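As a plain string of letters, each chain reads:
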Amino acid sequence: MEQNSPPTSDPMHDKPLAGWRLRLYTIIFEADTRAGRLFDQALIAVILLSIAVVMADSVQAVHQVYGRVLNGLEWIFTLLFTAEYIARLLCVRRPLQYATSFFGIIDLVAVLPTYLALFFPELHALIDVRVLRLLRVFRIFKLAAYVAEYQFLGRALAASGRKILVFLSAVVMVVLVMGTVMYVVEGPGNGFTSIPTSVYWAISTVTTVGFGDITPKTDLGRLIASFMMLMGWGILAVPTGIVTAEMAAQRRHQLLQTPTTRTCHECLTEGHAADANFCFNCGARLPPYQQQAGKAS
């Protein structure tokens, strides 16, 4: 690849990864070593337990009996998450870059509500935002095939974007026309009190949802509704066909490599192939690949 040299950066804000920082980085950010796998499994357990504590504390009967115990557990979880957040900042090359990344912000928001609740008690419910951090640790299940398919589906959806947009535009025109027709045919007396209300009925009918809060009463209205219901089956099949065709085209032109949890030290991009030498995102040279069979170094 053309970008095969490390990107330029400010050395004052970069921390070289070596010694204990490299070992800590491998454990926290990668899951292909035994220590990294155990760390992520423990993190999943703590996240789920902390959410269970918050949910249990919201039940008034449980809160009255075990409120002090649950509050103590919440502080234990908060201190653990705080220590983990600090450890992540200590072991990355660019702490500010991680702190302002998506997962860095989620990590921070996961601990802030408990501290802020000391001054603003109504913010305590925001602790449930920790569930978002489960996005990071799905990798530990080692479902490499599923991860590859997620990425493959994402590329197929991106490539199908314009076709799907055109299709949705056509659907919008159909429901606008049919909603207006039903407003004229049925009228306010049968529940079609305005064109927006009639368009709402058309959308729920074409998508085969059919809430039933508005139904046609005249024979002509029922005929139009029947036509729209049958048309809805075909409409639902079109996006699936578009994406499936794009996936088939991509599968013919691209060979997918089995992803790993291998992470670039420069940009923190995850999912590099085991035999890759450079980051596919920033071009930086990758460190030697460490997997479960070996020890983290």
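Each value, and the rule that gives it
All residue numbers refer to position in the chain's written sequence, counted from 1. Confidence filtering applies because this is a predicted model: local features only for residues at pLDDT of at least 70, side-chain atom pairs given and counted only at 80 or more, and all residues used for totals across whole chains, interfaces and linings. Excluding hydrogens and water, the side-chain figures rest on all heavy atoms present in the structure. For helices, the axis comes from a line fit to the C-alpha atoms of the stretch in contact; other axes are also lines fit to C-alpha atoms, and the angle between any two N-to-C directions lies between 0 and 180 degrees. Numbering of helices and strands starts at the N terminus; helices are DSSP runs of H or I of at least 4 residues and strands are runs of E of at least 2. Any angle from 65 to 115 degrees is called roughly perpendicular, while one under 35 is roughly parallel, one over 145 is roughly antiparallel, and all others are oblique. Left-handed is the label given to a crossing in which the near helix is rotated counterclockwise from the far helix by less than a right angle, and right-handed is the label when the rotation is clockwise. The contact definition used throughout considers only heavy atoms, calling two residues in contact when any of these lie within 4.5 Å. Think of it as three bins: nonpolar holds Ala, Val, Leu, Ile, Met, Phe, Trp, Tyr, Cys and Pro, charged holds Asp, Glu, Lys and Arg, and polar takes everything else, Gly as well. Computed over the protein atoms alone on a 1 Å grid, cavities are sets of points where a 1.4 Å probe fits but cannot get out and pockets are open sets with protein on both sides within 12 Å along at least five of seven lines; a residue lines them when it has an atom within 4 Å of a point. Grid points are joined across faces, edges and corners, and a volume is the space filled by probe spheres set on the points. Aromatic pairing here means that ring centres of Phe, Tyr or Trp (its six-membered ring) are within 6.5 Å. Orientation follows from the plane angle: under 30 degrees is stacked, over 60 is edge-to-face, and everything else is tilted. To sort residues, take the accessible area from a 1.4 Å probe on protein chains only and compare it with the maximum for the residue type: under 20% means buried, over 50% means exposed, and anything in between is partly exposed. Only one rule defines a salt bridge in this text: a Lys or Arg side-chain nitrogen within 4 Å of an Asp or Glu carboxyl oxygen. Cysteine sulfurs are considered disulfide-paired once they come within 2.5 Å of each other.

## Considerations on the packing of helix α1 (residues 19-29) against helix α3 (residues 60-91)
The axes of two packed helices give the description: the angle between them and the distance between them.
(1) Moving on: Between α1 and α3, the least distance of the axes is 9 Å, while the angle of their chain directions is 125 degrees. Relative to α3, the element α1 is oriented oblique. Relative to α3, the crossing made by α1 is left-handed. Between α1 and α3, the residues in contact are W20, R21, L24, Y25, I28 and F29 and A87, R88, L90 and C91, respectively.
(2) Moving on: Per-class residue counts for the contact of α1 with α3 are 8 nonpolar, no polar and 2 charged.

## Side note on empty space enclosed by the protein
(1) Moving on: According to the stated counting rule, one finds 1 cavity of 30 Å³ or more in the structure shown.
(2) Moving on: Within this model, the largest cavity holds a volume of roughly 30 Å³.
(3) Moving on: Forming the boundary of the largest cavity are V92, R93, R94, Q97, H265, E266 and L268.
(4) Moving on: The class makeup of the residues in the lining of the largest cavity is 2 nonpolar, 2 polar and 3 charged.

## A closer look at the packing of aromatic side chains
(1) Moving on: All chains considered together, the criterion is met by 5 aromatic pairs.
(2) Moving on: Where Y25 meets F29, the ring centres are 5.0 Å apart and the plane angle is 25 degrees; that geometry is what we call stacked. Of this pair, Y25 and F29 are both found in helix α1, 4 residues apart, which corresponds to roughly one turn of the helix.
(3) Moving on: Looking at Y25, the relative accessible area reads 0%, which means it is buried.
(4) Moving on: Take F29: its relative accessible area is 5%, and that puts it in the buried class.
(5) Moving on: Measuring from ring centre to ring centre gives 5.1 Å for F102 and F103, while their planes differ by 70 degrees; the resulting arrangement is edge-to-face.
(6) Moving on: One aromatic cluster in this structure is built from Y25, F29 and Y98.

## A look at the pattern of salt bridges
(1) Moving on: Per the counting criterion, the structure on display carries 4 salt bridges.
(2) Moving on: With its nearest N and O atoms 3.7 Å apart, the salt bridge here joins R88 to D107. Residue R88 is located in helix α3, and its partner D107 is located in helix α5 (residues 102-116); the two are separated by 19 residues in the primary sequence.
(3) Moving on: On the basis of relative accessible area, R88 is assigned to the buried category, the value being 0%.
(4) Moving on: We note a salt bridge from R93 to E266, for which the minimum N-O separation is 3.1 Å.

## Quick notes on the state of the cysteines
Every disulfide links exactly two cysteines, by a covalent bond between their sulfur atoms.
(1) Moving on: What the rule picks out here adds up to 0 disulfides.
(2) Moving on: Here C282 is not cross-linked by a disulfide; its sulfur's nearest cysteine counterpart is in C267, at 3.7 Å.
(3) Moving on: Assessed through its relative accessible area of 18%, C282 is described here as buried.

## Remarks on the packing of α3 against α5
(1) Moving on: Packing of α3 against α5 leaves a shortest axis separation of 9 Å and a crossing angle of 145 degrees. Remark: the crossing between α3 and α5 carries left-handed chirality. On the side of α3, the interface is formed by E74, W75, T78, L79, F81, T82, Y85 and R88, while α5 contributes G104, D107, L108, V111, T114 and Y115.
(2) Moving on: Partitioning the contact of α3 with α5 into residue classes produces 7 nonpolar, 4 polar and 3 charged.

## Regarding the environment of F167
(1) Moving on: Secondary-structure assignment places F167 in helix α8 (residues 161-186).
(2) Moving on: For F167, a relative accessible area of 14% puts it in the buried group.
(3) Moving on: Note: C-alpha distance between F167 and I242 (75 residues apart in sequence) is 9.7 Å.
(4) Moving on: The contact partners of F167, leaving out residues within four places of it in the chain, are I235, V238 and P239.

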